[in-house]
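If you want the building blocks of each chain, they are given just below.
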Amino acid sequence: MPTILIAEDEAAIADTVVYALRAEGYAAEHVLLGGQVLPRLRAGGIDLVILDVGLPDCSGFDVCRQLRVESEVPVLFLTARDGELDRVLGLELGGDDYLAKPFSLRELVARVRARLRRHIVADGHVGWKKRGDFELDAAGYRARFHGTQLDLTRYEFGLLEALLARPGAVFDRARLMDRVWGDALESGERTVDTHVKTLRAKLRVIAPGEDPIRTMRGLGYALHAGE
């Protein structure tokens, strides 16, 4: 499970970002000051940093400059300023992305997911991750069930990946739409139900006696990954 460090002094913003990231299956930690970022990074286990530019003790740009001496962890800047010079400066200092306040939580999560995926590919850490009876290669958009590779469409893979982010947790249709389909023109609860049906059929071809995707009537879907 990737761990995201958020350096943000506005409690309301920090709380909503932490909640949104945890809801998507990420671990999230929060610090108030720029001076707390490097010590936490040195302790290990951080996969991406969300860094507010206007921290009370120092500039987020200065934190990024110091961070880049020691680490290549992806950095996403948050800032109330949306000027071109600020964006350019942030990227030149080693930032990977830039999001101006106010921002959409859905867009923030999508950018975090994209940056993590790119970082995995760049670092050469591409490979299969086991989740019970399932294995996922997120960078390669590949999945196996009981050791047999599944022939999945883009949205079927996204649906499986979303459900496997938190095995056993119930995902309602709206949340699955946001995570898997985003702003695609195709939308609506029937879209989710249709893709769940086709994904189930492909899983049953491999294991006819199993149905790991559970329908929680009136709530949504949950997935049992197995032992």
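The structure we're discussing is the one just above.
Conventions we followed
- Residues numbered from 1 in each chain as written.
- Predicted model: local features only at pLDDT ≥ 70, side-chain atom pairs only at ≥ 80, totals over all residues.
- Heavy atoms only, no water.
- Pairing = 2+ DSSP bridges.
- Helix = DSSP H or I, 4+ residues; strand = E, 2+ residues; numbered from the N terminus.
- Contact = heavy atoms within 4.5 Å.
- Axes fitted to C-alpha atoms, helices over the stretch in contact; angles between N-to-C directions.
- Patch = residues over 30% accessible without salt bridge, like charges linked within 9 Å, V, L, I, M, F, W, Y side chains within 5 Å.
- Areas by Shrake-Rupley, 256 points an atom, 1.4 Å probe, with all protein chains shown as cover.
- Salt bridge = Lys/Arg side-chain N within 4 Å of Asp/Glu carboxyl O.

Undergrad: Help me understand the sheet that holds strand β7 (residues 134-137) in this model?
TA: In a beta sheet, neighbouring strands are held together by backbone hydrogen bonds and run either parallel or antiparallel to one another. Reading across the sheet, the four strands line up as β6-β7-β8-β9 and stay open at both edges, with antiparallel pairing between neighbours. Edge positions in the sheet fall to β6 (129-131) and β9 (148-149), since each has one partner strand and no second. Here β6 pairs with β7 via three bridges, running antiparallel. Within β7, the residue paired with Lys 130 across the bridge is Glu 135. Set on the sheet, helix α6 (residues 154-165) makes contact with β6, β7 and β8 (142-145); between it and β7 the angle comes to about 115°.

Undergrad: Help me out: how do you make sense of a nonpolar patch on the surface in this one?
TA: On the surface, a cluster of nonpolar side chains totalling about 230 Å² of accessible area is made up of Val 170, Met 216 and Leu 219. The residue Leu 219 is located in the loop between β10 (213-216) and β11 (220-223) in this model.

Undergrad: Got a minute to help me understand the sheet that holds strand β2 (residues 27-31) in this structure?
TA: The strand order across the open sheet formed by five strands is β2-β1-β3-β4-β5, and the pairing between neighbours is parallel. Since the sheet does not close on itself, it has two edges, and those belong to β2 and β5 (97-100), each with one partner. Shown here is a sheet whose adjacent strand axes are inclined to one another by a mean of 20°, direction ignored. Summarising the sheet, strand β3 (residues 48-52) and strand β4 (residues 75-79) pair through four bridges and their orientation is parallel. Opposite Ile 50, over in β4, you have Leu 76 as the bridge partner. The sheet strands contacting helix α1 (residues 11-23) are β1 (3-7), β2 and β3, and the helix crosses β2 at an angle near 165°. The sheet strands contacting helix α3 (residues 60-70) are β3, β4 and β5, and the helix crosses β4 at an angle near 170°.

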